[in-house]
Each structure stands twice: as structure tokens, then as C-alpha cells.
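A closer look at the structure
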Amino acid sequence: MAETAAGASRFKANYAVERKIEPFYKGGKAQLDRTGQHLFCVCGTRVNVLEVASGSVLRSLEQEDQEDITAFDLSPDDEVLVTASRALLLAQWAWREGSVTCLWKAIHTAPVATMAFDPTSTLLATGGCDGAVRIWDIVQHHGTHHFRGSHGVVHLLAFHPDPARLLLFSSAADAAIRMWSLQDRSCLAMLTAHYSAVTSLAFSSDGHTMLSSGRDKICIVWDLRSCQATRTVPVFESVEAAVLLPEEAAPELGVKSPGLHFLTAGDQGTLRVWEAASGQCVYTQPRLPGPGRELTHCALAHAAGLLLSVTADHNLLLYEARSLRLQKQFAGYSEEVLDVRFLGPEDSHVVVASNSPCLKVFELQTSSCQILHGHTDIVLALDVFRKGWLFASCAKDQSVRIWRMNKAGQVTCVAQGSGHTHSVGTVCCSRLKESFLVTGSQDCTVKLWPLPDALLSKSTVPDSGPILLQAQTTQRCHDKDINSVAVAPNDKLLATGSQDRTAKLWALPQCQLLGVFSGHRRGLWCVQFSPMDQVLATASADGTIKLWALQDFSCLKTFEGHDASVLKVAFVSRGTQLLSSGSDGLMKLWTIKNNECVRTLDAHEDKVWGLHCSRLDDRALTGASDSRVILWKDVTEAEQAEEQAKQEEQVVKQQELDNLLHEKRYLRALGLAISLDRPHTVLTVIQAIRRDPEACEKLEATVLRLRRDQKEALLRFCVTWNTNSRHCHEAQAVLSVLLRHEAPEELLAYEGVQAALEALLPYTERHFQRLSRTLQAATFLDFLWHNMKLPTLPAAPQPSETHKGVLSYPGSVWLHGLSHPRSLATTVTSYHGHQGLSVGLHLPAHPCTLVGQPLSTVRLGLGHSEFYSEEMGTHPPARDDPTSAPPLALGMAWPQTGAVILPVLGPQGFWGA
């Protein structure tokens, strides 16, 4: 028994979410505060506030209307944040507290597209899709200006840096820049030199020069005193943002001479520095390979010395402004997560493959992110070698790459190989040692790639470039796409799963076919070897998981429970349990021995493509199409310890409750019983109080001294008790105390009081109806009692025969009658000579039991027609002793309530009740 309990305790019972890596930026504006410590960005209906140092989301601000945020801006003093939603509402936030300080209508007839603060942080300009520009005083909370004249959507606004000049610049779809005077409430000038949308405006420190950039691939320097263009610089790319650099030397950026220099970010994906006077590019950032590198936004935080740039892949990059050295990387949106893996010997990092050519490596402790470039198309699968430092990736670019992470957490590509003629959809690394990897492709072939010795040598220089891999073995394995490959723990066997609904077993390294596993009704998504037994697990699109014996290729078990395709499966608990994930967004934990689904975990909202377990088998990692990566923690032992502690606490409290009841300390006993949340225990305490001689006073005093939350719990318990006629008296007693002593306003403030009253009323009405019927029957019997008269008994009575053969003596009363489920007729007869009296009693709605037995042996029953029974041991009085007749009971009983009404008869007539 002990071994069985120990084995059961090793099974996992539950996982809990330890951490989530969720998208926090889905495009649009991103802004740094003055200190560079906080980053503000839009994610659907929320504006997220990130702490730059840790990469964690500090605040998530969402308006009451829960509509998408169309624009936001942070004031220059970092105190006020204003957001605009698609519902045409503006919200002013105290963002550090996460509260809205003011909410008002934008008055625009279309959503607000852009907004900007003035240098004093007191005026806010909003530009709408209706072509209007409005100015708001956010201190007094009212509108001050309304400018019309722009054609199309106003997508760009900027105040002049000199607050004394009160100038506002705007640009709309007509590519013109309008200069508005807040003093004159008019448009002072219209700057027309761009031929496409203007994307940014920047001002010099003296306020006399303005730089504008556009998608027409030019940047223009304007003299604001004459409102004329002084220089047009062709930059040969669609510019999304241009930033004026401080007028100081920066040799690392090519700024060696004084003068105006600016930095551009555009569709080429590189940051470039230009000299305005000559129009020459003096610095170009090295371009990384792969699509999605286009820059969509760029901003400079002067005080912090940081430059923020945003890529089309929603990655946010922070550079040191003077040297453009990369400081931080943030993955704002991972789109569809296709695979995930733990990295490092202690699983300190995770690598994520999403619907992108880039890989993202997250450090779990600090949330820092590293974005890896190398593949030129979407990465489809990942796998990690035994020690955790090396991992492999494969992609739609028909290549496979090997990456190495150093002790500092920096990852570099150390090897790459190509040779497949189609997308490489799956990869698996050797298990015993870092010797080879296997890839499977949509070209229906499998390739075995040995790792060269130079790759494993510690003397390999990382900067020497990736080593080329050569395939040792190529084998056509299936007739359709190969979705999964797995290497056995001994590195001697290979399993493949395909869309052709079969899995196959191969001998390595020559890839010789050993057998075929057939039985699934649809294609296979995953195959996995058991770490302990000669068993293979397969997951299929038919919604099932199967276990196969490697010796005879027979199906051992089938697990059914997923409502859709099972995408991943993994062995846990030393091969005794399975973890599976499916396209239904669920993760399931199975016990192999009894085919039982122990737990279903629901945290994803879409297909769960990635599933990986840690080395210590205490955590799991999942990634899904909902862009979420979730870290799960095994909480079985913690829950068992918590449950045991609760049981021990229950035992202690139960003992304390018994002691309190014995000592008649009812208040503490009732409070303790309520804290245990056990209605039956509370009922026991109430019954103990009501058994006390001074029950009413003690019950009233005890209930009224309870806390409000305890009274709310007691009211919930009364609802349960009131449904049972045996316990309704306790419920009504408690309700009586509450109704008599609690004010109606206080009762209505109780949590759940409406539902409690709705449940109490019908049962209370039923109880009162039952009592009313009992009272009516008792009243009639009382009437019968007071109106019944019997003649005087003779001196020498003679025995006589009664009806139905029941013996009776004059002067005594005998009962005989019949019970019926719905009606009752009773005849009471007394003989004196030839005179007799017969009384009939009918109660059609309430079945009852007649009692006609000696008082000392009275027994109540339902359905007896004769009241003298040999089984009950009762007999008529003896013939020769007419005066020895014992007292008889004539009465009625209600078995449902236990009520009995008995008038007593004796030889000389009525004795009393």
C-alpha cells in the first residue's frame, strides 16, 4: 500500500500559470518619457506603460467605452496622458495611478487621428479624420480654438517649441503644412513643397528652423521667419520619421563639423544620419537580413540620451543616441507563435518562433528580449540539444540553422545548412550527446545533419561566421508532408509522422525502415518517444493520441478528449503521464495507466502549436496562435500540502467547536462554524442554542453580535435549511431575529439578499400552508371533543358485540375504521342497552391515522383498518371484568409533522386531554 501511495504521489495533478508573455504593442505611436524609464505604446483598446529596465508592463490603461485607442500623447512634463478612442471620447489620465481624471467628448465628427501637447503642458491639440483641428485647455477642461481648412485626415500636429509664439503646425492628406496662430485664430502660412504625405516635423533649438519629412523620399529644411524652404535633401527612401540631432560633435555618427544634422528612419530598415548643408549621408546603420525590418517610427529622448525606433514587425529598439549602440529590444507583438523551447542548463531563457523570420529569446528573470536575425522566411520549428546551450531552427526558406547561447545570454548563429527543396517544417536534435540533428520537410524527405567538430570546439571564434552543414543521409519517408520527427533517447531510432496518416520507425544513421504505425484516421502532427519505455506516442488531427509498442508496432492505448486536432504531445512524470495541446486551445494532462484525463488547462484562445517541458519536469511552456507564450508550473505538491494543511485545520477547528458547544459559548461557536463554511455545522450550533431553556434570548443575542459578513453567510445557510421541513424551524428562527432587529436598508445591502429572498419565499409559504391545515384539523377535533356526550354507565354491564366483530363493553368506547390515502371515514360507537351514537369525521385533503389502543401501548401508523392487532400485542378487555378496561386513546396523528392530538377515554367517560 505504501508503494502504491508513493507511486500515486509522483503523478502530476495540476499546472498553474506562472507567467505570460503577451503582446503589448500592435502598431501605431510609441513614446518615451523624458527620463527614458517608461515607454508608452498602443495595443488595441489599451495604452500600455512599460518599465524600460525590466520590460514588464506596469500599467494597462483602457477607457470606459472599451473602444480602440486611435491617438494618445504624453505631456512634456510627464504628468498627464491623454487618450482618444474610436467612440470620440477623450480621457485624461493620472497614468502613475492608472485613474481617469477627466473624460469629455472630442466634438470631432470622426475619430481623432493625432494629438500633441504644447511646451507648457496646458494646451492639447487634436486633429481628426474630419479635417478639423481643435485646441483644448486641459487645466480648465474646455475648448479654446477650432481650425478648419485642412483637406482630408489631419494626421500630424506639432506646437512650436517657443511657448510665447503660440504657433501650431498641422499636416493633412493634401501634403501641405499649415501654420496656425492661436493669437489671431487664423492660418498664417501654408508650406507646400512635399508631394506626398508629411510624416514628421522637427524644430531646431533656436526655433527658427523646421525639418519636415515625407513619403516622397525627401526631407525639407524650412526657415520659419520667411516661411520658405531653404534646403531639400533627397534621402531615396520613404521616410517615416526624421529627428534633428543635437548640435554637437558625434564622431561615431559621422558628425564631425558643426551645423544641422538629422537622422532618418524609413522603409529601408536602417537609421541614417544626414548633413543638412551638403545633403550628404554621413552615417548608415548596417542592415540586417530578412523582411519586416522597415522602420515605422522614430523618436529621440534628449534628456535620457536614448533613441527609439519601431520596426514593421512591431519590435521596439532602444539605442544610445550618440553612438546608435543597441541598448534594449522589445518584442511588441509575436503574431502566431509556432514553437517554443526552454534554453540554458537551468531553463533560464525561452526561445520563441512566431510568424516571422526573426527568433525572440526572452530571459525569464528580467524579461529582457533578444531578437535573432538570420532566416529569410518564417521560422516553423525549434529544438534544443541536451545541455541547453545549442538549439536548432528550421524555416520556410528551406534551411536549418544552429544557434549558441553564451553564459551572458547572448545568442549567435554558429551553423547553417540547406538542401531541402521545400519548406523545412520540423527538426529534432540528438538526445545522448550533441552529435547530429534531423530535419523533415514538405518535400517528403528526411535529412540527417552531423555536427562538425569545429562547431563543438570551445576554441571556435564566434565572429568567424556560421559553419556550413552537410547532410549525411537523405531519405524519402512518406508520400505527403512530414510534420514531425523524433529521435529516440539512445540516438539509434528515428520516428516520423506525416499527413499520410501514418508514423514510421527508422534505424539511424542509415534511415532503414523498421515498421509502420497505422491506425489514425487523419494526418499526424506530432510523434514522441517515451523516455523510459519502448513506446511511441502520436498525436493526430483526428483528435486522438495513441501509444504504440516499438517491438510489434501494435496500438497499446488510445486517448480521446480533444474536440479538434491534437498538435503536440509530450511525456512527463518519467513517462507515466502525457501532456497534450490541441487546436481547441486546450492543454490536457493524461495518466497513461488508466487512460484518465487528470486535468484540462484553458488559458489560450487559439491553436496551441508549441509545447515543451523543462529538464526538472516541474514546468511547461506553451505558445499559441493568440500570440501568447505561457509558462506553467507544476503545483501538485503545493496543492496537496495545502489540502493537507486545510484538513488539519478543519480537525482542529472541529475540536474547538465541540469544546465551545460543551462550554455553551455560543457566539464563538457560531462564528467558528460560519468560518468553516459548513451549513450543517452551523445548523448544529443553532439547534444547540435552541435547546437551551432561554433559547429565544440567547439566539437573538448571538445572531445580533455577528459581523455583517457572518450574517450574510448565515442568511445563505437559512436558504438551504428552509427547503427541508425538519430544519425549517431553525431557519425561521434566524430569519425572525434578522427581520425584527435589522433595518430594511441594512438587509437590502447584504450580498445576495435578492436571490436569498426569492428562494426563501416559496418554501416559507409552503410551511405556513402545512401549519394552517394542521390547525384546521385540530380545531375541528376540539369542536368534536366539546360537543360529544355519553350516557351514564349501568351498574352491571353486560358484554355485547360491536360492529365488525370487535368486542366492546357498555361504558367503554372502541374504534374501528378505515384509512385511505386521500380521505378518511371514522366511526365511534358506544352501546348502552339498545341506544347508540355514531359520529363520522372526513378530512379529504390530509391523510391521517386513527389510534384506538390502550394509552400505554399507543402506536401510530398509516393505513390500519383494525386497531386491535395480535402483532402489536393489544387485546380487548376481558368479558368477566367490565371495570378493568384500560383508558383508551381516541385521536389523530400527522406523520409528516409528528403532531398527535389525543383526547383520553376511560370506563366512566372522558378523563381529559
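It should be emphasised that the depicted structure is a prediction, and the values quoted were computed from it without experimental measurement.

1. Considering the overall build of the protein chain
Across its full length, the protein chain holds 10 helices and 68 strands. Within the protein chain, contacts between residues at least 6 apart in sequence are counted, and of these 46% link residues at least 24 apart. Per element, the accessible surface of the protein chain, about 42300 Å² overall, is 51% carbon and sulfur.

2. Here we look at the packing of aromatic side chains
Within this structure, the stated rule accounts for 11 aromatic pairs. Every member of this aromatic cluster is reached through a ring pair, and the members are Phe 517, Trp 548 and Phe 553. Seen from the ring of Phe 72, Lys 29 lies directly overhead, with NZ or CZ sitting 5.3 Å from the centre.

3. Some remarks on the packing of helix α3 (residues 636-662) against helix α4 (residues 666-675)
Running from N to C, α3 and α4 cross one another at 155°; their axes reach a closest spacing of 8 Å. Taken as axis vectors, α3 and α4 run roughly antiparallel relative to one another. Read as a crossing pair, α3 and α4 show a hand that is left-handed. Side by side, α3 and α4 meet where Lys 653, Glu 656, Leu 657, Leu 660 and Leu 661 of the first sit next to Tyr 666, Arg 668, Ala 669, Leu 672, Ala 673 and Ser 675 of the second. Residue classes in the contact of α3 with α4 are distributed as 7 nonpolar, 1 polar and 3 charged.

4. Overview of the sheet that holds strand β37 (residues 411-418)
Overall, mixed pairing links the 5 strands, which are arranged β34-β35-β36-β37-β41 in an open sheet. Among the strands making up the open sheet, the edge pair consists of β34 (379-384) and β41 (467-468). Looking at chain direction, β37 and β41 are connected through 2 bridges and run parallel. Of the residues in β41, the one forming a bridge with Gln 416 is Leu 468.

5. Concerning the pairing of strand β45 (residues 502-507)
Among the 6 residues in β45, 6 count as buried, and that is most of the element. Across the two faces of β45 the burial is the same, with Thr 502, Lys 504 and Trp 506 and Ala 503, Leu 505 and Ala 507 all buried. Count of turn residues in the strand β44 (residues 493-498)/β45 antiparallel hairpin: 3 residues, of which Arg 501 carries a positive phi of about 75°. In this structure, the hairpin formed by β45 and strand β46 (residues 512-518) is closed by a connection of 4 residues, where Cys 511 is found at a positive phi of approximately 60°.

6. Examining helix α8 (residues 728-741)
One full turn of an α-helix is made of 3.6 residues, so residues set three or four places apart face in the same direction. For α8, spanning 14 residues, the distance from its first C-alpha to its last is 20 Å, which sits close to the expected 20 Å at 1.5 Å a residue. Within α8 the residues assigned to the buried category are Cys 728, Glu 730, Ala 731, Ala 733, Val 734, Leu 735, Val 737 and Leu 738.

7. Some remarks on α4
Counting buried residues in α4 gives 7 out of 10 residues, a clear majority hidden from the surface. For α4, the complete set of buried residues consists of Tyr 666, Ala 669, Leu 670, Gly 671, Leu 672, Ala 673 and Ile 674. With its phi angle positive at about 60°, Asp 677 sits one or two positions after the end of α4.

8. Some remarks on the confidence of the model for the protein chain
Low pLDDT means the predicted coordinates in that region are not meant to be read closely. In the predicted model, the protein chain carries a mean pLDDT of 83, and 84% of its residues have values of at least 70. Confidence over residues 1-9 falls short of pLDDT 50; this stretch has 0 contacts with residues more than four positions distant or in other chains. Predicted confidence for residues 799-913 stays below pLDDT 50, and this span has 215 contacts to residues more than four positions away or in other chains.

9. Thoughts on the UniProt feature "repeat: WD" (unreviewed entry) in the protein chain
The UniProt feature table records "repeat: WD" (unreviewed entry) at residues 105-138, 147-190, 191-232, 372-413, 417-459, 475-506, 517-558 and 559-600. The span residues 105-138 is 0% helical and 53% strand by assignment, and the distance between its end C-alpha atoms comes to 13 Å.

10. Here's the deal with the sheet that holds strand β55 (residues 608-613)
With antiparallel pairing, the 4 strands of this open sheet are ordered in space as β1-β57-β56-β55. Across the chains shown, the open sheet's two edge strands, defined by having one partner strand only, are β1 (15-21) and β55. Within this sheet the neighbouring strands show an average axis-to-axis angle of 25°, counted without direction.

11. Brief notes about the pattern of salt bridges
A full pass over the atoms with the stated rule returns 24 salt bridges. In this structure, Lys 12 and Asp 617 form a salt bridge, with 3.8 Å as the shortest nitrogen-oxygen distance. Separated by 605 residues along the polypeptide, Lys 12 in the loop between α1 (2-10) and β1 and Asp 617 in the loop between β55 and β56 (619-624) bring together distant segments of the chain. Residues Lys 12 and Asp 617 agree in their burial class; the two are buried. When salt bridges with common partners are traced through the structure, they connect Asp 339, Arg 341, Asp 383 and Arg 431 into a single cluster.

12. Observations concerning the environment of Ser 580
If you trace the backbone, Ser 580 turns up in strand β52 (residues 577-582). Overall, Ser 580 belongs to the buried group, its relative accessible area being 0%.

13. Here's the deal with the side chain of Ser 181
Within the secondary structure layout, Ser 181 lies in strand β16 (residues 177-181). Look at Ser 181 and you get buried, because its relative accessible area is 4%. For Ser 181, the side chain forms a polar contact with the main-chain nitrogen of Asp 184, separated by 3.2 Å. Dropping the residues within four chain positions of it, Ser 181 is found in contact with Phe 147, Leu 166, Leu 167, Ser 186 and Leu 188.

14. So, the pairing of strand β48 (residues 535-540)
By the criterion of burial, β48 is predominantly enclosed, with 6 of the 6 residues buried. Of the two faces of β48, both are covered, the one formed by Val 535, Ala 537 and Ala 539 as well as the one formed by Leu 536, Thr 538 and Ser 540. Across 5 bridges, the pairing between strand β47 (residues 524-529) and β48 is antiparallel. Within β48, the position partnered with Val 527 by the bridge is Thr 538. Taken together, β47 and the strand that follows it, β48, pair antiparallel across an intervening segment of 5 residues.

Conventions we followed
- Residues numbered from 1 in each chain as written.
- Predicted model: local features only at pLDDT ≥ 70, side-chain atom pairs only at ≥ 80, totals over all residues.
- Heavy atoms only, no water.
- Helix = DSSP H or I, 4+ residues; strand = E, 2+ residues; numbered from the N terminus.
- Contact = heavy atoms within 4.5 Å.
- Areas by Shrake-Rupley, 256 points an atom, 1.4 Å probe, with all protein chains shown as cover.
- Phe/Tyr/Trp six-rings, centres within 6.5 Å; stacked < 30°, edge-to-face > 60°.
- Lys NZ or Arg CZ within 6 Å of the ring centre and 35° of its normal.
- Axes fitted to C-alpha atoms, helices over the stretch in contact; angles between N-to-C directions.
- Parallel < 35°, antiparallel > 145°, perpendicular 65-115°, else oblique.
- Left-handed = near helix turned anticlockwise from the far one by under 90°.
- Nonpolar A, V, L, I, M, F, W, Y, C, P; charged D, E, K, R; others polar.
- Pairing = 2+ DSSP bridges.
- Buried < 20%, exposed > 50% of the residue type's maximum accessible area, 1.4 Å probe, protein only.
- Expected span 1.5 Å × (residues − 1).
- pLDDT = per-residue confidence, 0-100.
- UniProt positions renumbered as here; feature names shortened; annotations may be inferred.
- Salt bridge = Lys/Arg side-chain N within 4 Å of Asp/Glu carboxyl O.
- Polar contact = N/O pair within 3.5 Å; in protein donor to acceptor, adjacent residues only side chain to side chain.

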